[in-house]
Amino acid sequence: MRPVPIAIVVALASRAFAGGADFQPPPANDGGKDIVITTEGERSTRNIAVLASIAGAGALLGGVGLYFHLDARSAADQVSADQPTGQPWTPADQTAYDRAHSSSVKAAVFYSLGGAALIGAVVGLIVTAPSSETTVIHPHRGTATFAPAPGGAVVGGVWSF
Amino acid sequence: MRALALAALAACTPDIAQGAYLCGPDMACPDGQTCNGPDGTCVVASAAQPFACDPSVLHEPDDNPGEAFALPALGCPSAPLEVMGCLADGDPANWVSFQTPADCSDTELALSVTYPIAFESLALQLDEPLIAVDGACKQPPASSGNAARCISMMLAAGQTYQLAILPNGDDCAGDCAYNRYTLQVQLTAP
């Protein structure tokens, strides 16, 4: 007996296969298997620019804080002593002491501002994260089609959703 | 590594142990420390003692030439004679007298007074009426916590001279109008 050629055609009209979509195997369903399509949201260029600017500002402020921190440490090292130096406390020492204190305060302020900006950027990154879109298709039970064709037949299915 | 980084971050404020520094001019000390009167070092305020003259170096009354404290006889030339002294709060002057040997044809006097810079600055004045006042010394004092003033001049042989150690301002606006000092007297043959 000669074999009969059979063609199976399945057509799905959907954006499920567009770029970025996640196609999951459909779960069991009374009317057929669900088709779940998850489309990841995309962050806008403006959003990225704003968040990058905030993070950059935070890094910049942190850098300024680091500058004052190093300056404070340098000044502190000039006058710090845990043993008798045999030297009198001079106006120059007082100037270095005051500079250490002043730069230390400035370092703390800039570190705080920079840290706040970085935290703000992270929070913004989380808050403004674009939501993904999930589409669930509940297909009804398909209807088989069969059409004779020259030299064989075409077998297909028709679903609606 | 993390500990090192934390230590580097923390070490930006001065850490000064008490006694690490001598008092600066006008009893200057780091914040949180006070000038200790007995030794002129910077200590925490609770440990600071007030300035007081050692009674053993006082020769009061010696506030005018007529009451001058007489120094021991000097040779010709003499070894450096060091005399400790103290100008108490409000003391107008300490006068001392000395005599040049009669057998010296020419005598060069080398006088210096060395005192802590923490308290009132001092000056030297030779004789009344005035013969000489002090000037800068050729040699700086050994300790940078001290200042010194000097007189160097020729004196006649066999004469008695009076020397005054006087307050010279810089007295913390009156709060440190006192000081201790070391007077050095030497006669040399030029």
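Here goes a summary of the coordinates provided. Predicted, not measured: the structure shown is a model, and the values here were computed from it.

### Points about the nonpolar core
Judged by nonpolar contacts, the single largest core of 55 residues is most densely connected at Cys23(B), Met27(B), Cys29(B), Val113(B), Leu163(B) and Ile165(B). Here this core gets seven residues from one element, more than from any other, and that element is helix α1 (residues 45-79) of chain A. Inspection of this core shows a minimum of three residues originating in each of domain 1 (15-50) and domain 2 (55-188) of chain B.

### Things to note about the sheet that holds strand β12 (residues 179-188) of chain B
All names here are of chain B. Sheet architecture is open: four strands sit in the order β5-β12-β7-β10, paired in antiparallel fashion. One side of each edge strand has no neighbouring strand; the edge strands of this open sheet are β5 (81-87) and β10 (146-155). Pairs of neighbouring strands in the sheet enclose a mean axial angle of 20 degrees, with direction left out of account. One ladder, built from seven bridges, connects β5 with β12; its direction is antiparallel. In the sheet register, Cys86 faces β12, and the bridge partner there is Arg180.

### So, unusual backbone geometry
Residues and elements named next belong to chain B. Look at the link from Glu60 to Pro61: it is a cis peptide, with omega at 0 degrees. In this structure, Pro61 sits in the loop between β3 (42-44) and β4 (69-70). A cis amide bond, omega -5 degrees, links Cys76 with the succeeding residue Pro77. Inspection of the secondary structure puts Pro77 in the loop between β4 and β5. Here the phi dihedral of Met27 falls at roughly 60 degrees; this positive angle occurs in a residue that is not glycine. One can find Met27 in the loop between β1 (21-22) and β2 (33-35). Here the phi dihedral of Cys172 falls at roughly 55 degrees; this positive angle occurs in a residue that is not glycine.

### Focus on the environment of Gln186(B)
Residue and element names in this part refer to chain B. Residue placement: Gln186 occurs in strand β12. For the pair Gln186 and Leu109, spaced 77 residues apart in the sequence, the C-alpha separation amounts to 6.0 Å. Non-local contacts of Gln186, meaning those with residues more than four positions away in its chain, are made with Ser78, Pro80, Leu81 and Ala110.

### Topic: the interface of chain B and chain A
Quite often, the size of an interface is put as the accessible area lost when its parts meet. Tallying the contact residues gives 23 residues for chain B and 22 residues for chain A. For the side of chain B that touches chain A, the class distribution of residues is 15 nonpolar, six polar and two charged.

### Remarks on helix α2 (residues 91-127) of chain A
Residues and elements named next belong to chain A. Over its 37 residues, α2 runs 53 Å from end to end, which matches the ideal 54 Å to within 8%, given 1.5 Å per residue. All of the buried residues in α2 are Asp93, Tyr97, Ala100, Ser103, Ser104, Ala107, Phe110, Gly114, Ala117 and Ala121. Packed against the buried residues of α2 are α1.

### With respect to the sheet that holds strand β11 (residues 160-167) of chain B
Residues and elements named next belong to chain B. One open sheet accounts for five strands, arranged β4-β6-β11-β8-β9; its pairing is mixed. Single-partner strands in this sheet number two, and they are β4 and β9 (132-133). Where strand β8 (residues 122-126) and β11 come together, five bridges link them in antiparallel fashion. What sits directly across from Leu124, in β11, is Ile165.

About the thresholds
- Note on numbering: residues in each chain are counted from 1, in written sequence order.
- To read the labels, note that chains go from A and ligands from 1, taken in the order they are written.
- Thresholds applied to this predicted model are a pLDDT of at least 70 for local features of residues and 80 or more for the giving and counting of side-chain atom pairs; totals over whole chains, interfaces and linings are not thresholded and use all residues.
- To count as a nonpolar core, a set of buried Ala, Val, Leu, Ile, Met, Phe, Trp, Tyr and Cys residues must be joined through C-beta atoms within 7 Å.
- We call a residue exposed when 12 or fewer other C-beta atoms sit within 10 Å of its C-beta, buried when the count reaches 20 or more, and partly exposed for counts in between; the C-beta positions come from the backbone.
- In this text, helices come from DSSP runs of H or I with a minimum length of four residues, and strands from runs of E with a minimum of two, each type numbered from the N-terminal end.
- Where each domain begins and ends is defined by an automated method or by a domain database.
- Two strands are counted as paired when DSSP detects at least two bridges linking them.
- Angles here are taken between N-to-C directions and fall from 0 to 180 degrees, while the axes themselves are lines fitted to C-alpha atoms, restricted in helices to the stretch in contact.
- Two residues form a contact once the distance between their C-beta atoms, set from the backbone, is within 7 Å.
- By the convention adopted, Pro, Cys, Tyr, Trp, Phe, Met, Ile, Leu, Val and Ala count as nonpolar, Lys, Arg, Asp and Glu as charged, and the other residues, Gly among them, as polar.
- Take the number of residues in a helix, subtract one, and multiply by 1.5 Å to get its expected span.

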